[in-house]
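Here is what each chain is made of, one letter per residue.
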Amino acid sequence: MTLKLPDAPTRFGTASRPLRIAMIAPPWFELPPTAYGGIEAVVADLVDTLSARGHEVTLIGAGRNRTRASQFLAVFDEPPSLRLGEPMPEVLHAAAAAEILEDLDYDIVHDHTLAGPLSARCRPTYTVVTAHGPVTGEPGEYLRRLGETIELVAISDAQRRLNPELNWVGRVHNAIDVRSYPFREVKGDYVLFLGRFNPDKGPHLAIDAAKAAGRRIVLAGKSSEPAEKAFFEKEISPRLGRDVTYVGQADTAFKRELFAGARSMLFPIQWEEPFGIVMIEAMACGTPVVALRRGSVPEVVADGVSGIIVDTPEELPAAIVAAEQLSPAACRAHVLANFDLAALAAGYESVYTTLIEARELHHETAGHR
């Protein structure tokens, strides 16, 4: 018998009892990450918040553990960060995690990796998988073929709408520890772009919009993979100058400083990004987001309150100017109300509990036949 959950967004709830959760993180960075690592940051926050709520979380990851997990099991002593994008570290991590799970007692598995869900078919309980990336094209076909061997959670309604036929069991927005982000009412003299340097993120559009608006722009983010370096040399380097400054990849502290001081953060996204966590990080610091209407942007940014959303790159310069009239306090309040860690943990608790109770009911019913 296949158990099917209602096709509806997750409602926040509270687990009726402490759960034993096996959490599988990607292998590329330590938890929490010190700089780049958006998925790792979400996983670390989820582990800490679930642990604080009384659950027993076993974390499978790489490198050192700086979370509140009850138990940490490292597949790699050093995260293979420099091999990001290669298949073998991911496959080795998945194989090791599957082996580790054979000796664990758990109520549910939550897998955040690419290759790990391939082992879900053989497990005695449910495997929750968060769709952190694209759900169309080859990634979508992969998730479709995994079918009901996994229980898929969307990170935005926009992501879920792109491929509604997948085995979705809920939607839980990403979140951050809002109080760990510094709030600044008075801003500096720059706008900010923070993200990976590739065409999908639109950093070249951010530069052009800032110049057209007469604003200085600071650029920060990762440019280490070959395709990123090539894009940077072609599109970014020629645009650098007195009012266009690249400061490299920002660590946790520097990133917060940049967010807090910016007049606005530019998010000229060029694909249907399921959730841009930099948007909520900026708003938590009281910095409005100026974004194109793609992917999850309308779910994350309160247009006219915590940012300005437009439809074309040509509209960005005017939006940059308009965003300076928005209230920093309203930006932070929006994130506190919608994207703080309590909502993240409660959302996943609801997913876990619904699945576990459905399995127990099925076993009880089968036992009475």
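Since this is a predicted model, take the numbers as computed values, not measurements.

Of the residues in the protein, 93% reach a pLDDT of 70 or more, and the chain-wide mean stands at 92. Segment residues 1-13 is flagged for pLDDT under 50; beyond a separation of four residues in sequence, or across chains, it makes 33 contacts in the model.

Within the secondary structure, valine 129 is located in strand β5 (residues 127-130). A relative accessible area of 4% places valine 129 in the buried class. Along the primary structure valine 129 and valine 169 are separated by 40 residues, whereas in three dimensions their C-alpha atoms are 9.8 Å apart. Among residues more than four places away in sequence, those in contact with valine 129 are Asp111, Pro117, Ile150, Glu151, Leu152 and Val153.

Bringing unusual backbone geometry into the picture now. For the peptide bond that leads from leucine 31 to proline 32, omega is -10°, which places it in the cis range. Along the chain, the position of proline 32 falls in the loop between β1 (20-24) and α1 (38-52).

We now examine the packing of aromatic side chains. This structure, assessed with the given rule, holds 6 aromatic pairs. Taking 5.3 Å as the distance between ring centres and 90° as the angle between the ring planes, the aromatic pair formed by phenylalanine 197 and tyrosine 246 counts as edge-to-face. In this pair, phenylalanine 197 is assigned in the loop between β8 (190-194) and α5 (203-213) and tyrosine 246 in strand β10 (residues 244-246), connecting sequence segments 49 residues apart. The class of tyrosine 246 is partly exposed, set by a relative accessible area of 30%. Through pairs of rings, three or more aromatic residues link up here, namely Phe193, Phe197, Phe232 and Tyr246. The ring of tyrosine 181 carries arginine 256 above its face, with NZ or CZ at 3.9 Å from the centroid.

So, about the sheet that holds strand β4 (residues 108-111). Spatially, 7 strands are ordered β3-β2-β1-β4-β5-β6-β7 in an open sheet, and the strand pairing comes out parallel. Strands with a single pairing partner mark the edges of an open sheet, and in this sheet they are β3 (71-76) and β7 (168-171). The mean inter-strand angle of the sheet, taken between neighbouring strand axes irrespective of direction, is 20°. As paired strands, strand β6 (residues 151-154) and β7 are joined by 3 bridges and run parallel to one another. The partner of valine 153 across the bridge, within β7, is glycine 170. This element, helix α2 (residues 87-101), spans β1, β2 (56-62), β3 and β4 of the sheet and lies at about 140° to β3.

Turning to helix α11 (residues 328-338), its buried residues are Pro328, Cys331, Arg332, His334 and Val335. Taken end-on, α11 shows its buried residues confined to a sector of 155°, consistent with a single buried face. Packed against the buried residues of α11 are α8 (277-284) and α9 (297-300). N-capping of α11 is provided by serine 327, with a side-chain oxygen placed 3.3 Å from the backbone N of alanine 329.

Look at α5 against helix α6 (residues 226-236): their axes get within 10 Å of each other, and the N-to-C directions meet at 25°. In terms of orientation, α5 and α6 fall into the roughly parallel class. The crossing of α5 and α6 is right-handed. Together, Pro203, His204 and Ile207 of α5 and Phe231, Glu235 and Ile236 of α6 make up the contact between the two elements. A per-class count over the contact of α5 with α6 returns 4 nonpolar, 1 polar and 1 charged.

Moving on, we come to the side chain of histidine 334. Residue position: histidine 334 is located in helix α11. Owing to a relative accessible area of 15%, histidine 334 belongs among the buried residues under this scheme.

A separate point is the pairing of β5. Burial along β5 is two-sided: the face carrying Thr127 and Val129 and the face carrying Val128 and Thr130 are both buried. Pairing of β4 with β5 involves 3 bridges; the strand directions are parallel. Paired with aspartate 111 across the two strands is valine 129, which belongs to β5. Here β5 pairs with β6 via 3 bridges, running parallel. Of the residues in β6, the one forming a bridge with threonine 130 is valine 153.

Here is what the cut-offs are and how they apply
Residues numbered from 1 in each chain as written. Predicted model: local features only at pLDDT ≥ 70, side-chain atom pairs only at ≥ 80, totals over all residues. Heavy atoms only, no water. pLDDT = per-residue confidence, 0-100. Contact = heavy atoms within 4.5 Å. Helix = DSSP H or I, 4+ residues; strand = E, 2+ residues; numbered from the N terminus. Buried < 20%, exposed > 50% of the residue type's maximum accessible area, 1.4 Å probe, protein only. Phe/Tyr/Trp six-rings, centres within 6.5 Å; stacked < 30°, edge-to-face > 60°. Lys NZ or Arg CZ within 6 Å of the ring centre and 35° of its normal. Pairing = 2+ DSSP bridges. Axes fitted to C-alpha atoms, helices over the stretch in contact; angles between N-to-C directions. Arc of directions from axis to C-beta. Polar contact = N/O pair within 3.5 Å; in protein donor to acceptor, adjacent residues only side chain to side chain. Parallel < 35°, antiparallel > 145°, perpendicular 65-115°, else oblique. Left-handed = near helix turned anticlockwise from the far one by under 90°. Nonpolar A, V, L, I, M, F, W, Y, C, P; charged D, E, K, R; others polar.

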